[in-house]
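Architecture and fold: a report
Below are the chains, spelled out letter by letter.
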Amino acid sequence: MMNRIFAFFKKETVLCVSFILAVASMFIVPPDRNYWEYIDFRTLAILFCLMSVMAGLQKIGVFDRVAKKLLGHVKSGHSLILTLVLLCFFSSMFITNDVALITFVPFTFIVLNMLGDGQKDRLLLPVVVMQTIAANLGSMLTPLGNPQNLYLYGKAGLSIYEFLMLMLPYTLLSLVLLVVWSIIQGRVCPQIPKLDGASVQQGSSHGKKAVYPLVVYLMLFLLCLLTVGRILPWQAAFFAVLIMVFAVDRQVLVKVDYSLLFTFICFFIFIGNVGRIPAFRDFLQGMIAGREVYTAVIVSQVISNVPAALLLSGFTENFAGLIIGTNLGGLGTLIASMASLISYKYVAKEASGRKSKYILLFTAGNIFFLALLVLLYILLGS
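Just so it is clear, the model here is predicted, and its values are computed rather than measured.

1. What about the overall build of the protein?
If you tally the helices and strands in the protein, you get 18 helices and zero strands. Put simply, the protein has 382 residues, and 53% of those count as buried. In the form shown here, the protein has an accessible surface area of approximately 17,600 Å², with 69% of it arising from carbon and sulfur atoms.

2. Points about the nonpolar core
Core analysis: the largest hydrophobic core is formed by 116 residues, its most contacted members being V53, Y170 and L328. Counting residues per element, this core draws most heavily on helix α6 (residues 77-113), at 19 residues. Not counting chain neighbours up to four residues away, the residues in contact with V53 comprise Y217, L220, F221, C224 and V241.

3. Quick look at empty space enclosed by the protein
Summed over the entire model, instances satisfying the criterion amount to four cavities of 30 Å³ or more. Lining the largest cavity are R42, T43, I46, L47, L50, T96, D98, V99, N146, P147, L150 and V228. For the lining of the largest cavity, the secondary structure elements donating two or more residues are α4 (41-59), α6 and α8 (147-156). In terms of residues, the lining of the largest cavity owes the most to one element, α4, which gives five residues. Here the second largest cavity defines a volume of roughly 120 Å³. D98, P147, F264, V306 and M338 are, among the 14 residues lining the second largest cavity, the residues nearest its centre. Counting residues per element, the ones that place at least two in the lining of the second largest cavity are α6, α8, α12 (258-274) and α15 (305-312). Across the lining of the second largest cavity, the residue classes break down as six nonpolar, six polar and two charged.

4. Quick notes on the packing of α4 against helix α10 (residues 211-228)
Where α4 meets α10, the closest approach of the two axes is 10 Å, and the angle between their N-to-C directions is 155°. By the criterion of interaxial angle, the relationship of α4 to α10 is roughly antiparallel. Judged by the sense of rotation from one axis to the other, the crossing of α4 with α10 is left-handed. Contacts from R42, I46, C49, L50, V53, M54, G56 and L57 in α4 reach L214, Y217, L218, L220, F221, C224, T227 and V228 in α10. Of the residues assigned to the contact of α4 with α10, the class counts are 13 nonpolar, two polar and one charged.

5. Notes on α8
Buried within α8 are the following residues: Q148, N149, L150 and L152. Where α8 terminates, the next one or two residues include G157, which has phi positive at roughly 70°.

6. Details of the layout of surface pockets
By volume, the second largest pocket amounts to about 260 Å³. For the second largest pocket, the full set of lining residues is E37, Y38, D40, F268, I271, G272, G275, R276, P307, L310 and L311. Every element with two or more residues in the lining of the second largest pocket is listed here: α3 (35-38), α12 and α15. Among the residues forming the lining of the second largest pocket, the class breakdown is six nonpolar, two polar and three charged.

7. Concerning the packing of aromatic side chains
Taken as a whole and judged by the stated rule, the model has eleven aromatic pairs. Where Y35 meets Y38, the ring centres are 4.9 Å apart and the plane angle is 35°; that geometry is what we call tilted. In this pair, Y35 and Y38 are both assigned in helix α3, three residues apart and thus about one turn of the helix distant. As far as burial versus exposure is concerned, Y35 and Y38 are alike and both buried. Measuring from ring centre to ring centre gives 5.1 Å for F89 and F90, while their planes differ by 85°; the resulting arrangement is edge-to-face.

8. Notes on the packing of helix α14 (residues 292-303) against α15
Contact geometry for α14 and α15: axes closest at 8 Å, N-to-C directions at 125°. Judged on the interaxial angle alone, α15 and α14 are oblique. Our pair here, α14 against α15, has a crossing hand that is right-handed. Residues T295, A296, V299, S300 and I303 of α14 touch α15, and the partners they reach there are N305, P307, A308, L311 and L312. In terms of residue class, the contact of α14 with α15 is made up of seven nonpolar, three polar and no charged.

9. With respect to the environment of A24
In this fold, A24 is placed in helix α2 (residues 13-28). Put simply, A24 and N273 are 249 residues apart on the chain and 9.8 Å apart in space, counted from C-alpha to C-alpha.

10. What to know about the pattern of salt bridges
Considering all chains together, one arrives at two salt bridges under this definition. Of the charged contacts in the structure, one is a salt bridge between D32 and R276, with a shortest N-O distance of 2.6 Å. One end of the pair, D32, is in the loop between α2 and α3; the other, R276, is in the loop between α12 and α13 (278-288), and 244 residues separate them in sequence. You can call R276 partly exposed: its relative accessible area is 30%. The salt bridge involving K59 is made with D249; its shortest N-O contact spans 2.7 Å. Of this pair, K59 sits in helix α4 while D249 is found in helix α11 (residues 234-249), placing the two residues 190 residues apart along the sequence.

Rules used in this analysis
Residues numbered from 1 in each chain as written. Predicted model: local features only at pLDDT ≥ 70, side-chain atom pairs only at ≥ 80, totals over all residues. Heavy atoms only, no water. Helix = DSSP H or I, 4+ residues; strand = E, 2+ residues; numbered from the N terminus. Buried < 20%, exposed > 50% of the residue type's maximum accessible area, 1.4 Å probe, protein only. Areas by Shrake-Rupley, 256 points an atom, 1.4 Å probe, with all protein chains shown as cover. Core = buried A, V, L, I, M, F, W, Y, C linked by side-chain atoms within 4.5 Å. Contact = heavy atoms within 4.5 Å. 1 Å grid on protein atoms, 1.4 Å probe; cavity = no way out; pocket = protein on both sides within 12 Å on 5 of 7 lines; lining within 4 Å. Points joined across faces, edges and corners; volume = space filled by probe spheres on them. Nonpolar A, V, L, I, M, F, W, Y, C, P; charged D, E, K, R; others polar. Axes fitted to C-alpha atoms, helices over the stretch in contact; angles between N-to-C directions. Parallel < 35°, antiparallel > 145°, perpendicular 65-115°, else oblique. Left-handed = near helix turned anticlockwise from the far one by under 90°. Phe/Tyr/Trp six-rings, centres within 6.5 Å; stacked < 30°, edge-to-face > 60°. Salt bridge = Lys/Arg side-chain N within 4 Å of Asp/Glu carboxyl O.

Dropping the structure here:
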């Protein structure tokens with residue numbers, strides 16, 4: 001029995017830790033009707049929808065075919081890595097960092113699997129780390145890039161142009177750093193074999209039978225994007241995806257990472273309870289005044305940047321500072337941005353024996369980027 005518990009904890013470390021934190025916080029703030037308000041059902045519903053749609057697309061072999069076509073044009077290691085990283089960077093500006101990682105991290109596994117075990121082992125962890133950083137950095141440019149931007153954009157009353165100009169310097173520096181890293185990493189591993197159709201192992205061979213589910217999944221993906229943009233209510237998207245995926249292929253629903261959803265719920269409970277502790281609330285009131293950016297960065301390391309935005313917005317009118325701070329604060333610890341948990345879960349499943357190395361590389365890369373971006377903030381005049 002103990003061996004099974006230990007094995008589960010090792011496999012689902014983040015879930016277990018978040019559960020322990022949530023339960024511990026319940027002893028300080030006993031459960032009541034306010035708990036219901038902690039849960040961001042919209043985020044959970046959209047995440048469920050996206051994971052379902054991506055699982056369906058992957059099952060019918062869409063990512064395999066895209067990967068084959070992409071690699072047909074890749075001539076070097078740095079061009080391959082640059083493509084994989086910048087896909088996350090630019091797409092996250094419009095489809096959120098969560099969606100970008102849900103879409104392109106599994107895609108990366110498919111691509112690297114085509115290169116053979118040697119190349120895959122060298123590239124897998126650093127590329128996924130940099131994709132995660134790229135998604136978190138690209139998403140900071142636009143109000144649609146991530147949940148805290150949408151929230152703070154509404155609170156601040158900024159125009160879209162003002163929001164873009166506020167975050168543009170940090171986005172441009174991030175792009176330069178990502179390009180330089182990709183070129184350097186590609187030169188370390190420059191040998192990319194020519195992969196033709198015969199070398200690609202398709203994940204599905206449905207052929208014409210896959211046309212109908214492909215159309216359905218693409219329509220559902222569009223529905224998800226409209227929901228992310230708040231054009232459609234999340235309830236409509238949730239039930240539409242649930243019903244249509246069940247009708248097309250109910251086995252796809254089994255592939256949804258429900259442990260990730262429960263991890264989010266546990267963090268929501270923990271964060272909600274912490275926000276109701278008077279001593280903690282008074283401490284924030286005194287700490288944040290005039291130090292919004294630095295406070296947001298620090299708090300994000302502990303409770304992630306989305307809850308940090310929600311929590312700190314009640315203690316200051318400097319929403320521009322919170323926008324910068326919570327976006328930069330998405331770098332750092334594994335929970336600084338909840339989107340980072342998505343990549344970690346995929347790596348834990350694909351390369352479970354290398355989770356510790358991934359966390360080490362992830363932390364080092366995040367600290368490096370965070371330090372340079374904070375330095376830019378200082379140089380811009382704070």
